[in-house]
Amino acid sequence: MAGRLLKVSSLATALLASSGFCWYHRPVDLNDISFIRFGRAAVTTAVISYDYFTSLRRFEYGTEEYSAAKSEVAQLFVSFEEAPRGAASLAQVHRARLRDGRAVAVKVQHPKVQRQSSKDIAVMEFLVHAVTWLFPDFDFMWLVEEARRNLPLELDFLNEGRNAEKVAEMLKHFKFLKVPKIHWDLSTTRVLTMEFMDGGQVNDREYMKEHDIDVNEISQNLGKMYSEMIFVNGFIHCDPHPGNVLVRKCPKTSETEIILLDHGLYQVLDQQFRLDYCRLWQALMKADMRGTEKYSRRLGAGDLYPLFACVLTARSWDSVNTGISHTPVTHAEDVEIRTNAALYLPQISELLNKVPRQMLLLLKTNDLLRGIETTLQTRASASSFISMSRCCVRALARHKKNKCVSTYRRMKITFSETFTLWQIDVYELFLRIRGSTLGKWIVSLMCLFHYVH
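The residue count restarts for each chain, going from 1 along the sequence in the order it is written. In view of the model being predicted, local features appear only for residues whose pLDDT reaches at least 70, and side-chain atom pairs are presented and counted only at 80 or more, with totals across whole chains, interfaces and linings using the full set of residues. In computing side-chain properties, one takes all heavy atoms of the structure into account and sets aside hydrogens as well as water.

Enquirer: Hey, could you go over the sheet that holds strand S5 (residues 177–178) for me, with residue numbers and the actual values?
Expert: DSSP-based pairing: two strands are paired if at least 2 bridges between them are found. Helical segments are the DSSP runs of H or I of at least four residues, strand segments are the runs of E of at least two, and each set is numbered from the N terminus. Here 4 strands make up an open sheet; going across it, the order is S5-S10-S9-S7 and the pairing mixed. Each edge of the open sheet is held by one strand with a lone partner, namely S5 and strand S7 (200–201).

Rendered as structure tokens:
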């Protein structure tokens, strides 16, 4: 929700905590370490202060506005649970039942949020200016700009409803994805009524075990869904924290489903950015360092492209050079990343100020998805790279076909796309066989045969 965008911790702290920053052969002056740590402490103080101000503020529920809304509830619903099912700094969600018996979720914006939001941003801007004045290397003004641009959109619940319908239509070919239907006749800019859907949070392994839900299937489907949003459509749900992504077994079919909630914050990628981002990920997966440098620079990273590659993949520079799709994530690499991350806060700040604004929410989204994969213990699985590869191939082929006028050229592009997708299918089949009991038995037999001879 919007409160998470306003928090410095939603991106800056998340990047520091879990993204990959193994600097590219750059010497570190040990005399600067104390300065960096002191600066980090100042930023952390600003984070905590602002989080407290925005998230723990008390709202007054005895206002006339609240009483008027409450008096109309009985006319609209057979039942309405006063205790919220979920609450955050901008709104809270109640379960209710319509007169025709359908269960709905009613998202109600807190009183005074509209008026208070401008003050919140002003406080945030003051804190960022204070940190920048004390420590010029730490420039987080981009965060204020993003909050000022996105908060009005999140405060408009009709915009959230339109986003929900757009993504549901866009990804309707994924039968496992469920997006609550909007009841427009019961929705306004400050009240959003939608179909009620329940399930366990996507990072709740115990819930999945209890309901016989395969964590690998969930991780794979989540990767498919987001790869399609990012690489093919350029329309991305940017708040996939566990409370907004639920999983369940369909009551009718017993098929596993993913429920996507909270559609207030979306990032729309322009075409050139999206295509360069596709090409960059293709280069990263192939360990094509020339391509990695080329497209990182085109996306605004400049000479900081090694750091950018590490931030984007949450991998060390050694892993990026070797190929992230061929190198498994190890505990030692995670420790190395966390140990080195805090030392390069000035360079990170410089990088985040250089890249296009649309990249910032992508980094936040990547980090949230990575956190889910880490919890599910499916991080850097081959399936996620396979989904990304397919979507990159399709997106680039579609762009080429839209540009060409020759039928022959279009057929050639289609053939190349089909052949590449077939190669990916074969590789995926090979991985499945290798991971199966039969595959392990065949490998063992071949090893035994080789030992005997």
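Moving on from the coordinates now.
Enquirer: A description of the pairing of strand S10 (residues 256–260) should follow, citing residues and the corresponding values.
Expert: Working definition: with a 1.4 Å probe on protein chains only, accessible area under 20% of the residue-type maximum means buried, over 50% means exposed, and in between means partly exposed. Buried residues dominate S10, accounting for 5 of its 5 residues. Residues of S10 alternate between two faces, with Thr256, Ile258 and Leu260 on one and Glu257 and Ile259 on the opposite face, all of them buried. Where S5 and S10 come together, 2 bridges link them in parallel fashion. The residue bridging Lys178 from the neighbouring strand is Ile259, located in S10. As judged from the 5 bridges shared by strand S9 (residues 245–249) and S10, these two strands associate in the antiparallel manner. Counted as the bridge partner of Val247 is Ile258 from S10.

Enquirer: I'd love a proper account of the pattern of salt bridges, names of residues and values included.
Expert: What counts as a salt bridge is simple: a side-chain nitrogen of Lys or Arg found within 4 Å of a carboxyl oxygen of Asp or Glu. Tallying each qualifying case throughout the model produces 18 salt bridges. One salt bridge connects Glu125 with Arg148, and the closest N-O pair in it is separated by 2.8 Å. In this pair, Glu125 sits in helix H5 (residues 113–134) while Arg148 sits in helix H6 (residues 141–155), placing the two residues 23 residues apart along the sequence. Look at Glu125 and you get partly exposed, because its relative accessible area is 24%.

Enquirer: An account of the packing of helix H12 (residues 305–313) against helix H15 (residues 345–354) is requested, with residue identities and associated values reported.
Expert: Lines fitted to C-alpha atoms define the axes here, with helix axes fitted over just the stretch in contact, and angles between the N-to-C directions of these axes take values from 0 to 180 degrees. Where H12 contacts H15, the two axes come as close as 11 Å, and the packing angle between them is 85°. Relative to H15, H12 is oriented roughly perpendicular. On the side of H12, the interface is formed by Leu307, Phe308 and Val311, while H15 contributes Gln347, Ile348 and Leu351. Residues are sorted three ways: Asp, Glu, Lys and Arg are charged, Ala, Val, Leu, Ile, Met, Phe, Trp, Tyr, Cys and Pro are nonpolar, and all the rest, Gly among them, are polar. Residues of the contact of H12 with H15, tallied by class, amount to 5 nonpolar, 1 polar and no charged. Orientation categories follow fixed angle ranges, with anything under 35 degrees roughly parallel, anything over 145 roughly antiparallel, 65 to 115 roughly perpendicular, and all other angles oblique. We call two residues in contact whenever any of their non-hydrogen atoms come within 4.5 Å of each other.

Enquirer: Give me the packing of aromatic side chains: which residues, what numbers.
Expert: Each pair of aromatic rings taken from Phe, Tyr and Trp, with Trp reduced to its six-membered ring, is defined by centres within 6.5 Å and is described as stacked if the planes are under 30 degrees apart, edge-to-face if over 60, and tilted in the remaining cases. Applying the stated criterion across every chain, the model contains 9 aromatic pairs. With centroids separated by 5.5 Å and ring planes inclined at 50°, the aromatic side chains of Phe77 and Phe80 adopt a geometry described as tilted. With relative accessibility at 6%, the residue Phe77 sits in the buried group. Judged by centre distance (6.5 Å) and plane angle (10°), the rings of Phe415 and Phe419 are stacked. Residue Phe415 and its partner Phe419 are located together in helix H18 (residues 407–435), separated by 4 residues, close to a single helical turn. Taken together through their ring pairs, the aromatic side chains of Phe231, Phe273, Tyr277 and Trp281 make up a single cluster. As a reminder, the over-ring test applies to NZ of lysine and CZ of arginine, requiring each to be within 6 Å of the ring centre and within 35 degrees of the ring normal. In this structure, Arg95 packs its charged tip against the face of Phe196, placed 4.2 Å from the ring centre. A cation over an aromatic ring shows up here: Lys107 above the ring of Phe157, its NZ or CZ 5.0 Å from the ring centre.

Enquirer: So what's going on with the nonpolar core? Which residues, and what values?
Expert: Buried Ala, Val, Leu, Ile, Met, Phe, Trp, Tyr and Cys residues that are joined via side-chain atoms within 4.5 Å together make up what is termed a nonpolar core. The biggest cluster of nonpolar side chains holds 93 residues, and the ones touching the most others in it are Met225 and Trp281. If you tally residues by element for this core, the top one is helix H9 (residues 215–233), at 9 residues. Among the nonpolar cores identified, the runner-up in size contains 5 residues, and Phe77, Ala96, Val104 and Val106 belong to it.

Enquirer: Pulling in residues and values, what's your account of the pairing of strand S3 (residues 91–98)?
Expert: Pairing geometry for strand S1 (residues 77–80) and S3, over 3 bridges, is antiparallel. Bridge assignment links Phe80 to a residue of S3, and that residue is Ala96. As defined by bridge partners, strand S2 (residues 86–87) adjoins S3 across 2 bridges and the pair is classed as antiparallel. Bridge pairing in S3 places Gly86 opposite Val93. Pairing of S3 with strand S4 (residues 103–109), which is carried by 7 bridges, proceeds in the antiparallel orientation.

Enquirer: So what's going on with H6? Residues and values would help.
Expert: An ideal rise of 1.5 Å per residue puts 21 Å on 15 residues; H6 measures up with 22 Å between its terminal C-alpha atoms. All buried positions along H6 are accounted for by Met141, Trp142, Leu143, Val144, Glu146, Ala147, Asn150, Leu151, Glu154 and Leu155. Given the number of residues in a helix, its expected span is that number minus one, multiplied by 1.5 Å.

Enquirer: An account of the environment of Ile236 is requested, with residue identities and associated values reported.
Expert: Within the element layout of this structure, Ile236 appears in strand S8 (residues 235–237). The buried category is assigned to Ile236, whose relative accessible area is 0%. When the C-alpha atoms of Ile236 and Asn163 are compared, they prove to be 9.8 Å apart, with 73 residues separating the residues in sequence. Apart from residues no more than four positions distant in its own chain, Ile236 is found in contact with Tyr226, Met229, Ile230, Leu265, Tyr266, Gln267, Leu269, Leu362 and Thr365.

Enquirer: Go over the packing of H9 against helix H16 (residues 357–376), please, and point to the residues and values.
Expert: For the pair H9 and H16, the least separation of the axes is 10 Å and the interaxial angle reads 170°. In this view, H9 runs roughly antiparallel relative to H16, as classed from their interaxial angle. Of the residues in H16, those touching H9 at Val215, Ile218, Ser219, Leu222, Tyr226 and Ile230 are Leu362, Thr365, Asn366, Leu369, Ile372, Glu373 and Leu376. Within the contact of H9 with H16, the residues separate by chemical class into 9 nonpolar, 3 polar and 1 charged.

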